Amino acid sequence: MTATTKKFTFAEYLKYNDGTDTQYELVDGELIPMSLGTGKHGGISKFLERSFDDESAKMGQNWTAQKFSVGVRSPRGGRWDTSRIPDVVVLPTQQWEALSNREAVIELNETPPILVVEVVSESTQTTDYRSKRSEYAVFKR
């Protein structure tokens with residue numbers, strides 16, 4: 001007897017709550033728990049978030065950097081059952097504000113983010129360099 005993993009639709013993923021603080025990405029319909037990451041990983045992400053905000057202000061751009069809080073939906077194998085949560089996303093402030101009244105997920109048919117950043121760790125480097133890179137590449141400005 002083999003155990004099967006339940007496949008989730010995107011709508012089920014958005015409603016999923018296992019009663020913990022675990023954050024999940026949806027990959028090919030499967031829930032993938034996101035690790036908390038090391039302090040170094042979090043520090044780099046926070047540094048980048050602040051740096052992008054500072055540079056946006058210096059450039060006079062109305063952009064905001066958001067750390068661990070915006071999902072990016074992507075087609076994987078022609079299906080729409082994948083949603084990633086990048087470490088840092090830079091997007092127009094107006095777009096970020098529009099996400100305040102719905103799930104903070106950018107759909108493929110919406111304006112793509114200005115920048116998506118993954119802070120690569122030893123444990124995630126294969127996924128970050130291969131899968132996520134090609135998924136994010138679908139979003140071209």
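Heads up: the structure comes first, above all this text.
Draft legend 1. Region of interest: the nonpolar core. In this structure, Val70, Val72, Val89, Leu91, Leu99, Ala104, Ile106, Tyr136 and Phe139 together form the largest nonpolar core, which totals 9 residues. Among all residues touching Ala104, those that are not within four sequence positions of it are Ser69, Val70, Gly71, Trp96 and Leu99. Tyr13, Leu26, Ile85 and Val105 belong to the second-largest nonpolar core, a separate cluster that totals 8 residues.

Draft legend 2. Local environment of the environment of Pro75. By the secondary structure assignment, Pro75 is in strand S4 (residues 71-76). Owing to a relative accessible area of 22%, Pro75 belongs among the partly exposed residues under this scheme.

Draft legend 3. Layout of the pattern of salt bridges. Per the stated rule, a full pass over the model turns up 9 salt bridges. Across the pair Glu25 and Arg84 runs a salt bridge, and its minimum N-O distance is 3.2 Å. Of this pair, Glu25 sits in strand S1 (residues 24-27) while Arg84 sits in strand S5 (residues 79-84), and the two are 59 residues apart along the sequence. Each of the two residues, Glu25 as well as Arg84, counts as buried. Residue Glu110 pairs with Arg102 through a salt bridge whose shortest N-O separation is 2.6 Å. A single salt-bridge network, built from bridges that share partners, covers Glu25, Arg84, Glu118, Lys132 and Glu135.

Conventions and cut-offs
- Residues numbered from 1 in each chain as written.
- Predicted model: local features only at pLDDT ≥ 70, side-chain atom pairs only at ≥ 80, totals over all residues.
- Heavy atoms only, no water.
- Core = buried A, V, L, I, M, F, W, Y, C linked by side-chain atoms within 4.5 Å.
- Buried < 20%, exposed > 50% of the residue type's maximum accessible area, 1.4 Å probe, protein only.
- Contact = heavy atoms within 4.5 Å.
- Helix = DSSP H or I, 4+ residues; strand = E, 2+ residues; numbered from the N terminus.
- Salt bridge = Lys/Arg side-chain N within 4 Å of Asp/Glu carboxyl O.

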